[in-house]
Amino acid sequence: MTLAELVAFAGRHPLLSLALAGITLAILYNEIAGRFSGFRRIGPAQLTGMINRDDALVVDLRPAADFEKGHIAGAKNVQMAQFDPENKQLAPAKALPVVLVCKSGETASGAAKRLRKAGFANVNVLEGGIQAWQGADLPLVKGR
């Protein structure tokens, strides 16, 4: 395929070409923004290692009812509506690794930015949230 053929294709199919360009730019923006966000996205296996090696604090941001149905062992439940970096459960953990968990990994990103602004040094988000944890067949604890 030559450059002339690509230009001819783009001329015949302008909507497809614009869609491809838009998707490419969106992917690039997402990757660059993720690199400069100040927190890391980790997978379930990395979270397990952080809990075992580094005594990471796991903060579950889901509603209390969802938390009681099943959560990661040792996780603290802090509802997003009451999320505050100066919370008594969070403030003492500024030096520890903190891992934020939500249902799918999206809500936790906003909370991670707030923790970074409050001076937390090691902030992480479980990519894919509790759904990724369950997808990896890792155990959940029921109740409080």
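Up top is the structure.
Description of the structure in this document.

What counts, and where the lines are drawn
- Residues numbered from 1 in each chain as written.
- Predicted model: local features only at pLDDT ≥ 70, side-chain atom pairs only at ≥ 80, totals over all residues.
- Heavy atoms only, no water.
- Pairing = 2+ DSSP bridges.
- Helix = DSSP H or I, 4+ residues; strand = E, 2+ residues; numbered from the N terminus.
- Contact = heavy atoms within 4.5 Å.
- Axes fitted to C-alpha atoms, helices over the stretch in contact; angles between N-to-C directions.
- Buried < 20%, exposed > 50% of the residue type's maximum accessible area, 1.4 Å probe, protein only.
- Arc of directions from axis to C-beta.
- Salt bridge = Lys/Arg side-chain N within 4 Å of Asp/Glu carboxyl O.

**So, the sheet that holds strand β4 (residues 98–101)**
Thought 1: Pairing in this open sheet of five strands is parallel, and the strands run β1-β5-β4-β2-β3 from one edge to the other. Edge strands, defined here as strands with exactly one partner in the open sheet, are β1 (40–42) and β3 (76–77).
Thought 2: Sheet topology note: the strand β2 (residues 57–60)/β3 ladder contains two bridges and is parallel. Among the inter-strand pairings, V59 is bridged to a residue of β3, identified as K76.
Thought 3: Taken strand by strand, helix α3 (residues 44–54) contacts β1, β2, β4 and β5 (123–126), and its axis lies near 100° from that of β1.

**A closer look at helix α5 (residues 107–117)**
Thought 1: Buried within α5 are the following residues: A108, S109, A111, A112 and L115. Looking straight down α5, one finds its buried side chains confined to an arc of 165°; they lie on one side.
Thought 2: Looking at the packing, one finds that the buried side of α5 touches β1, β4 and β5.
Thought 3: Note on α5: the residue one or two positions beyond its end, G119, has a positive phi of about 100°.

**Remarks on the pattern of salt bridges**
Thought 1: Scanning the entire structure with this criterion turns up one salt bridge.
Thought 2: One salt bridge connects R62 with D60, and the closest N-O pair in it is separated by 2.9 Å.
Thought 3: On the accessibility criterion, D60 (1% relative accessible area) is buried.

**With respect to α3**
Thought 1: Restricting attention to buried positions, one finds in α3 the residues P44, L47, G49 and M50.
Thought 2: The elements touched by buried residues of α3 are β1, β2, β4, β5 and α6 (129–135).
Thought 3: Directly after α3, the chain includes D55, whose backbone phi takes a positive value near 55°.

**A few points about the environment of M80**
Thought 1: The residue M80 is located in the loop between β3 and β4 in this model.
Thought 2: Note on M80: relative accessible area 27%, which makes it partly exposed.
Thought 3: M80 sits 18 residues away from R62 along the chain, and the two C-alpha atoms are 7.2 Å apart.
Thought 4: Among residues more than four places away in sequence, those in contact with M80 are L61, T107 and A111.

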